[in-house]
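Coordinates in review
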Amino acid sequence: MPENSLDHLFLDERFYKALSYTSVLKGGASVLARSDINRELQGDFVKVRFNEAIEDFKEGRDETDFVYLVFKSAINFELDLDKFDDKSSFRIAYVKTITEKDSLGQEFVYYESAIFLNRDAISSFLRKIEEFLTEFSWQSLRKNNPKPKNFALIANIEDIRAATLESFWQEPELPFPPSDEVVWWEVWLDKKHKKDVKQGVLAQLAAAGIQIGQQWIDFPEHTVGLIKASARRLSETLLYSDSLSELRKPRETAEFFTYLNRADQHEWIDDLRKRVQNLAGETTISVCLLDSGLTRGNPLLKDLVAERNLDTILPEVDVADNSNSSTGHGTPMAGLILYGDLSDVLATKEEVKIFHHLESVKIIHPNHPHDPDNRGWVTMEAVSKAITINPAHKRIVCLAVTADDVFHKGRPTAWSAAIDQLSFGNIEEPNNSTLFMVSSGNLLDEQRNAYPIVNEDCSINDPAQAFNAITVGAYTLKDYVDLDKYPNAEVLARRGAMSPCNTTSIIWENTWCRKPEIVMEGGNQALQHQGVLTPDSMQLLSTSKGTTLTWLTTFGDTSGATALASRFAAQVYTRYPKLWPETIRALIIHTADWTSEMLGEDKKHIRQLKTEQKPKLLQTVGYGVPNLPRALHSVKNSLSLIAEAILKPYKQEKSRIKTDQFHLYQLPWPREVLSELFEAPVRLIITLSYFIEPNPGNKRYAEARNYMSHGLRFKMIDKDESPESFAGRISSDMQEEDYEKEGKERDWLLGDKLRNKGSIHKDIWEGTAADLATRNVIAIYPVGGWWKKRKKLERYLENVRYSLIVTVEAPNNDVDIYSVVKSQIDIAVPITIEI
């Protein structure tokens, strides 16, 4: 094999050990209680408000054996929700974080939570109040710091009131619907107390004459779907069911079409068709396009897209591209997925080999308005149809249809959670075949003249906040504008910079993942007299649906970028068809890098960025532009090690759920070669990828750890740190009585605080070759998620998968580290670390 196209190297269980894991960080965060209260007055006040709220909720319904009450916290204090959660008689319906300003303009925060209480819970809470008034906690007495029982719970309550239907509304930016207006609602029902909540609650609602949508999604603790009724009607029915958790507004999709007519070029098309080799029959890799359909009549598509690969979830329409655009949307997406930018392909005389299949499932049609769909269900149904078409295929799902009317700030929705669920699979059958590529969405054309400042305030669209998907933004290398045609025009984005269309996650809440992960070419625009132009020269070229008598069209924005990213992923999957989707995802992101324009003027390296500039970089262009040759191959002076492994993150010990295992890797290492390079600069890149099981719903404050099933992290051994000391730095179970810490995390370009978001973690280490020579030990360890907190669901019994990629880059082409490492793998040397 040529030296510039070597296979990546793969590690198996010989190179790691599973060891006992307990975090070295002691204790969890406890709820801080108000200290400036009078015990007797506070207890009596809470008792009175509690009983009044019960009476208010039951007014006119004395037969109700449960209540929903809203507990409000004191300003800048949390509610002690652990006293309510996971109890058979209590249930947290939702938690809201509310930020307001006082008369001086200073922000303050308080929390509200709707709690379901049955008769036992009502009695239990009254006992808690009495204990607060009359007893001290044993723990506080032991510490010689007497505090009442249930101190944080009762002390932090500012008010209690009966819940109304509006209490469950989770759209702070949108008004609650008028009382008598019949509208669609997205309803979240809690499954905690019922095996089939839909059969019970929905049957009651249907019997009351309320229209029930057919499309429902099941998550671990919720079922989500649509119902149609007035708020007044639901206040008489749904509010008095025992499973209500949240109400949201159903979402319509926003389609971002960028197109311009282009002269018909039949000679180009005929020439290209002669150069195309359709080799898809040799693979079982597909790109599944979820869009407006696809028109096979285009001569550049009809020989590459089998008719059997086209389907629709809309029974009243055909499979053809019926977007409002005269040139289509699904059809231009298809051209980019198969060929890439036709501007490049048509301009050469080289042979074009296409190895992947293309499937198209229509999910939108502008001329067939209908009641709102559950977009998560639509996506699930569309992927199911693709699997039915080609059940043995592995596929990249390409989704460039997004919604821009959701002010989510990174929080999950039913749609994004459905994508996470599809990516994870389920406990019995994990996802072994599907990777999602989702468009980040676009700015409106009229906003782009304020580029790049305006991009910071324009959020990535729903469902691109999905943890397990690769979210694709846009950058551009297209910077030519014909000044004869457009006098005084100025290029909007510099070559290598973020595209004018690009949305970002800068305004998202810090707890959620940072998006996009990568950017691809999305085209550019120009300014002329403060107006935004879209010259053909600054756009991608693709296939048209042909209604304007032309088979070629310009195309772009994040839709075009997502199509290119899907093609990139298919090429990687074709090269490594046996790898998990988590690994394909990791390879794509692992090879991405930033252009100098992304780093800013006079910045040639991320090392030159200030600490506060690095998060903004990730929230704008992610990890940069992926590199296909690096994703497909190693070379002799730059090798990639890939491990796919299974870890058990949690266990039950007595009555508690604790962390269970961590993996300690001893990597085959070119130690002697690196030592001989002395002070030569080298780079190490590590990427850790895994899929989380989502558990959406506003159970807790807006924190990712309550949505993610689990989290994983990595650390690397320090210079001159012994493996034993390193293992002790990871897990307290590995510490002897005389343990002394020897190392720390250093020389990472991002650092653990920045990289530890979402479900994929990448960082770059730079240092000397001599330093790296001894740093071949890596640990993978778990952190908390809902699998650890939701004991009754028994997910602590389960294992999780992850993919780890480690790349070592030596300074020049004369250095051969690949052969040294490959020989160690070939001779099957097992791990020698003794802990």
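Refer to the preceding data block for the structure.
Nothing here was measured: the structure is a model prediction, and the numbers come from that model.

A word on the overall build of the chain
Scanning the chain for helices and strands turns up 22 helices and 34 strands. Relative to the compact-globule value of 28 Å for 835 residues, the chain shows a C-alpha radius of gyration of 29 Å, a close match. When the backbone C-alpha atoms are referred to their principal axes, the chain occupies close to 85 × 70 × 55 Å. Looking at the chain as shown, the accessible area adds up to about 34,100 Å², and 48% of this sits on carbon and sulfur atoms.

Thoughts on the packing of helix α12 (residues 557-575) against helix α13 (residues 581-590)
The contact between α12 and α13 brings their axes to 10 Å, and the two run at 120 degrees. Judged by the angle between their axes, α12 and α13 are oblique. For the crossing formed where α12 meets α13, the hand is right-handed. Contact residues: Phe568, Ala569, Val572 and Tyr573 in α12; Pro581, Ile584, Leu587 and Ile588 in α13. Classifying every residue of the contact of α12 with α13 gives 8 nonpolar, no polar and no charged.

Structural notes on a negative patch on the surface
On the surface, a cluster of negative charge is made up of Glu724, Glu736, Glu737, Asp738, Glu740 and Glu742. Within the fold, Glu742 resides in the loop between α18 (723-730) and α19 (752-755). Given a relative accessible area of 44%, Glu742 falls into the partly exposed group.

Digging into the side chain of Ser245
For Ser245, the location among the structural elements is in strand β11 (residues 244-248). Classification of Ser245 by relative accessible area gives buried; the value is 0%. Ignoring anything within four residues of it in the chain, the contact list for Ser245 reads Arg91, Ala93, Tyr94, Phe168, Trp188, Asp190 and His222.

Points about unusual backbone geometry
The residue after Asp462, namely Pro463, is reached through a cis peptide bond having omega 10 degrees. For Pro463, the location among the structural elements is in the loop between β18 (434-439) and β19 (470-475). A cis amide bond links Lys515 with the next residue in sequence, Pro516, at an omega value of 0 degrees. Structurally, Pro516 is set in the loop between β20 (490-491) and β21 (518-521).

Remarks on the sheet that holds strand β6 (residues 157-162)
Pairing within the open sheet is antiparallel, and its 4 strands lie in the order β4-β5-β3-β6. Edge positions in the sheet fall to β4 (90-101) and β6, since each of these pairs with one other strand and no more. Pairwise comparison of adjacent strand axes, ignoring direction, gives a mean angle of 20 degrees for this sheet. Bridge analysis of strand β3 (residues 66-73) against β6 gives 5 bridges, and the strand direction is antiparallel. Residue pairing for β6: Lys72 is matched across the bridge by Asp159. Here helix α1 (residues 39-58) sits on the sheet in contact with β3, β5 (107-118) and β6, set at roughly 15 degrees to β6. Of the strands in this sheet, β3, β4, β5 and β6 touch helix α2 (residues 119-134), which is tilted by about 130 degrees from β5.

Examining the environment of Ile157
Along the chain, Ile157 turns up in strand β6. We classify Ile157 as buried; its relative accessible area is 2%. Between the C-alpha atoms of Ile157 and Leu754, which are 597 residues apart in sequence, the distance is 35 Å.

Criteria and cut-off values
- Residues numbered from 1 in each chain as written.
- Predicted model: local features only at pLDDT ≥ 70, side-chain atom pairs only at ≥ 80, totals over all residues.
- Heavy atoms only, no water.
- Helix = DSSP H or I, 4+ residues; strand = E, 2+ residues; numbered from the N terminus.
- Rg over C-alpha atoms; globule rule 2.2 N^0.38 Å.
- Areas by Shrake-Rupley, 256 points an atom, 1.4 Å probe, with all protein chains shown as cover.
- Axes fitted to C-alpha atoms, helices over the stretch in contact; angles between N-to-C directions.
- Parallel < 35°, antiparallel > 145°, perpendicular 65-115°, else oblique.
- Left-handed = near helix turned anticlockwise from the far one by under 90°.
- Contact = heavy atoms within 4.5 Å.
- Nonpolar A, V, L, I, M, F, W, Y, C, P; charged D, E, K, R; others polar.
- Patch = residues over 30% accessible without salt bridge, like charges linked within 9 Å, V, L, I, M, F, W, Y side chains within 5 Å.
- Salt bridge = Lys/Arg side-chain N within 4 Å of Asp/Glu carboxyl O.
- Lys, Arg positive; Asp, Glu negative; His and termini not counted.
- Charge placed at Lys NZ, Arg CZ, Asp CG, Glu CD.
- Buried < 20%, exposed > 50% of the residue type's maximum accessible area, 1.4 Å probe, protein only.
- Pairing = 2+ DSSP bridges.

What is shown is where atoms sit, not what they do.
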